[in-house]
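# Notes for the structure review
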Amino acid sequence: MAQASASISTLSIAEALRGKPGGMATVRGWVRTRRDSKAGLSFINLNDGSGFGDLQIVAPNDLPNYASAIQRLTTGCAIEATGELVESQGQGQLVELRASSITVVGWVDDPDTYPVSAKRHTFEYLRDVAHLRVRTNTFGAVARVRHCIAMAIHRFFHERGFYWVHTPIITASDCEGAGEMFKVSTLDHLNTPRTPDGKPDFSQDFFGREAMLTVSGQLNVETYCCALSKVYTFGPTFRAENSNTSRHLAEFWMIEPEIAFADLQDDMQLAEDMLRFIAKTVLEERADDMAFFEQRIQKGVIERLQAVADTAFERCTYTDAIAILEAAKTKFEFPIHWGADLQSEHERYLTEEHFKKPVIVYNYPKSIKAFYMRMNEPDAQGRETVAAMDVLAPGIGEIIGGSQREERLDVLDKRLDEMGLNKDDYWWYRDLRRYGSVPHAGFGLGFERIIQYVTGMANIRDVIPFPRTPGNAAF
RNA sequence: UCCCCGAUAGCUCAAUGGUAGAGCGAGCGGCUGUUAACCGCUAGGUUGUAGGUUCGAGUCCUACUCGGGGAGCCA
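Owing to the predicted nature of the structure, the values given are computational and were not obtained by experimental measurement.

## Side note on the overall build of chain A
Assigned secondary structure in chain A consists of 12 helices and 17 strands. Each principal axis of the C-alpha atoms in chain A carries an extent, and together these give about 85 × 60 × 45 Å. Counting every position in chain A, which comprises 475 residues, the buried fraction comes to 49%. Summarising the internal contacts of chain A: among those between residues at least 6 apart in sequence, 67% fall at separations of at least 24. Surface accessibility of chain A: about 23200 Å² in total, with carbon and sulfur atoms responsible for 51%. Placing the 52 positive and 65 negative side-chain charges of chain A at their respective mean positions leaves the two points 4 Å apart.

Structure follows, in structure tokens:
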């Protein structure tokens, strides 16, 4: 397949589009559209995923395979084209490739039923052809932005001295407490071994005990935090909740940093710095894709992202948030009062209407938060709160949830007792509080949710390659 | 899981309980340095699945599946 001539370089289409007219080049990709001109030319828009833009290939009718192949090209065909990069005579592009040869690498079987034809498709339909949807403008752009954000997150932490910790996917501790878990088992479902009291005998299972897929790497990563000081996880997470919304998946990716010798203020600063770094990086590196999202997906995404990059987030205690909500003229379906958890409508009001930008709400009532969150001193009215924080973003809602962790063993044990949890199940977690315990804090960022926020994509199922949701694990 | 709405050609959608249509895509032809191209012709259907009501069901009823909007769980 490689060209014999050493003077012809194979370029990605992104490189070809950046190149100056003059040189010879070979490009490869998939046909987006073909238009014939009776002036003796065909125009082929070619895309290889290296960037948003297509390269226009000009195919003159004196090519030997013009009638037999070029004129039969349809959307989706894979080709290799070699020719000279020239200044375009038409509008709409600076450079184009004047082909001296075009090889068809792969035909489209039946153009009439090619699932991703050159027309508009709904996202709902494209989910049914997830193996081909990435060939569309939208899903190609999402894939590139997803990669860009992932790399930005790794760079952000790496540059600040964090270590990436690979916490386990399979866990035997039922104590993660963040939702329903998928079971991991090699037991025979048709002939399950039983204990005398009729329950499945997990001692005969693969791990010798009941095992699940993780719902969070937090408890594990805290152990590494209390030795390496600054750590984070970035991996898949599983929740067996029967959630049917545009912002929940059964399998999603999560980033969970954890910092030692740190309090909630440090935690909030880290969350904000990270989100602003992500915004800045995407604007710099994926301007082509962002221009598309701005134009076709959601007006204002670029401005919104620019605002995240440029301006500090709002911060507001839970108690102050309640005061704002109580003073609001908006009628809420669920009346709000101190001690109640914020409903979606309340979060939306705060971030979309009151502050009109990302806001960090912190110091929540202890009664609505997890056992591991650090107890604050009671306020003047004696109300008890924990050092927890949520980052709320317009259009998405909760994008980050985090807290300072309870590092005092006696306080932690009291909380475990209050919540009816068995201390023995948490023996290694409690050990961290016995051996050189230090204040530490962390948060969880939903990876797909930050992609939704950045791109303006409305449904979380469209920002992950192959979404897993209740009743759907196709592909 | 709960409430509301929906499922008809490859795709997006029409169709009073009485002969299933259009646009786009596709095929063929015309025109043109074209670019959401344009003009003409052609093909394309077990109306999501399973039951029921009716002389007759795309249309009415029931259940299920999937999708959308909202809610809960959360990231």
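Once you've had a look at it, read on.
## Examining the protein's contact with RNA strand B
As a matter of local geometry, RNA strand B sits amid 53 residues, with Gln91, Arg127, Asn242, His248 and Arg449 nearest to it. A distance of 2.9 Å is found between a base oxygen of RNA strand B and a side-chain nitrogen or oxygen belonging to Gln89. Interatomic distance of 3.5 Å between a backbone N/O atom of Gly446 and a sugar or linking oxygen of RNA strand B. Counted by class, the surface near RNA strand B contains 13 nonpolar, 23 polar and 17 charged residues.

## Concerning helix H11 (residues 427-434)
Among the residues of H11, Tyr429, Arg430, Asp431, Leu432 and Arg433 are the ones counted as buried. Packing partners of the buried residues in H11 comprise helix H4 (218-228), strand S16 (397-405), helix H10 (409-418) and strand S17 (440-446). Gly436 lies just past H11 and shows a positive phi near 65°.

## Focus on the nonpolar core
One finds Ile149, Met389, Ile400, Leu445 and Ile450 to be the most contacted residues of the largest nonpolar core, which totals 59 residues. It is helix H5 (residues 264-285) that provides the largest number of residues to this core, a total of 11 residues. Among the nonpolar cores identified, the runner-up in size contains 29 residues, and Ile322, Tyr349, Val359 and Leu416 belong to it.

## Looking at the pattern of salt bridges
Counting across every chain of the model gives 29 salt bridges. Arg28 serves as the salt-bridge partner of Glu80, at 2.9 Å between the closest nitrogen and oxygen. With Glu80 in strand S5 (residues 78-87) and Arg28 in strand S2 (residues 24-37), this residue pair connects regions lying 52 residues apart in the sequence. As a salt-bridge pair, Asp36 and Arg34 come within 2.7 Å of each other at their nearest N and O atoms. Linked by salt bridges that have partners in common, Lys366, Glu384, Lys414, Arg415 and Glu418 make up one network.

## Points about a nonpolar patch on the surface
Together, Ile169, Ile170, Phe206 and Phe207 line one region of the surface with nonpolar side chains, adding up to about 380 Å² of accessible area. With respect to the secondary-structure elements, Phe206 resides in the loop between strand S9 (183-184) and strand S10 (211-213). Assessed through its relative accessible area of 60%, Phe206 is described here as exposed.

## Topic: the pairing of strand S4 (residues 55-60)
By the criterion of burial, S4 is predominantly enclosed, with six of the six residues buried. Of the two faces of S4, the one carrying Leu55, Ile57 and Ala59 and the one carrying Gln56, Val58 and Pro60 are both buried. Direction of pairing for strand S3 (residues 41-47) relative to S4: antiparallel, over a ladder of six bridges. Across the sheet, the residue bridging to Leu41 is Pro60, located in S4. Pairing geometry for S4 and strand S6 (residues 95-106), over three bridges, is parallel. Directly across from Gln56, in S6, lies its bridge partner Glu96.

## Description of the side chain of Thr233
You can see Thr233 is positioned in strand S11 (residues 230-238). In this structure Thr233 comes out as buried when scored by relative accessible area, which is 3%. With near-sequence residues (within four places) excluded, Thr233 lies in contact with Trp164, Val165, Thr167, Gly217, Val221, Met254, Ile255 and Glu256.

## Observations concerning the confidence of the model for chain A
A low pLDDT score tells you not to read the predicted coordinates there in detail. In this model, chain A carries a mean pLDDT of 91, and residues with pLDDT of at least 70 account for 98%. Taken element by element, chain A is modelled with least confidence in helix H2 (residues 123-127), mean pLDDT 89, and with most confidence in strand S7 (residues 163-164), mean pLDDT 98. Contacts of residues 1-5 to residues separated by more than four positions or lying in other chains number six contacts, the stretch itself having pLDDT below 50. Overall fold confidence for the complex sits at a pTM of 0.93, while the interface term, ipTM, reaches 0.86.

## Some words on the sheet that holds S9
Strand order across the open sheet formed by three strands is S8-S10-S9, with antiparallel pairing between neighbours. The open sheet has two edge strands, strand S8 (170-171) and S9, and neither has a second partner. Of the strand pairs in this sheet, S9 and S10 are connected by two bridges, and their pairing is antiparallel. Considered in S10, the bridge of Lys183 is made with Met212.

## Looking at the sheet that holds strand S13 (residues 314-317)
Strands sit in the order S7-S11-S12-S17-S16-S15-S14-S13 across an open sheet of eight strands; the sheet is mixed. Bordering the open sheet on either side are S7 and S13, each of which pairs with just one other strand. Strands S13 and strand S14 (359-365) of the sheet are contacted by helix H8 (residues 318-327), whose axis makes an angle of about 90° with S13.

## Some words on the packing of aromatic side chains
As enumerated under the stated definition, the model contains 18 aromatic pairs in all. Plain terms: the ring middles of Phe234 and Trp253 are 6.2 Å apart, the flat faces sit at 75° to each other, and that makes the pair edge-to-face. Within this pair, whereas Phe234 is found in strand S11, its partner Trp253 is found in strand S12 (residues 251-260), the two being separated by 19 residues in sequence. An angle of 45° between the planes, with centres 5.4 Å apart, marks the rings of Tyr318 and Tyr364 as tilted.

Criteria and thresholds
- Residues numbered from 1 in each chain as written.
- Chains lettered and ligands numbered in written order.
- Predicted model: local features only at pLDDT ≥ 70, side-chain atom pairs only at ≥ 80, totals over all residues.
- Heavy atoms only, no water.
- Helix = DSSP H or I, 4+ residues; strand = E, 2+ residues; numbered from the N terminus.
- Buried < 20%, exposed > 50% of the residue type's maximum accessible area, 1.4 Å probe, protein only.
- Contact = heavy atoms within 4.5 Å.
- Areas by Shrake-Rupley, 256 points an atom, 1.4 Å probe, with all protein chains shown as cover.
- Lys, Arg positive; Asp, Glu negative; His and termini not counted.
- Charge placed at Lys NZ, Arg CZ, Asp CG, Glu CD.
- Near = heavy atom within 4 Å.
- Polar contact = N/O pair within 3.5 Å; in protein donor to acceptor, adjacent residues only side chain to side chain.
- Nonpolar A, V, L, I, M, F, W, Y, C, P; charged D, E, K, R; others polar.
- Core = buried A, V, L, I, M, F, W, Y, C linked by side-chain atoms within 4.5 Å.
- Salt bridge = Lys/Arg side-chain N within 4 Å of Asp/Glu carboxyl O.
- Patch = residues over 30% accessible without salt bridge, like charges linked within 9 Å, V, L, I, M, F, W, Y side chains within 5 Å.
- Pairing = 2+ DSSP bridges.
- pLDDT = per-residue confidence, 0-100.
- Axes fitted to C-alpha atoms, helices over the stretch in contact; angles between N-to-C directions.
- Phe/Tyr/Trp six-rings, centres within 6.5 Å; stacked < 30°, edge-to-face > 60°.

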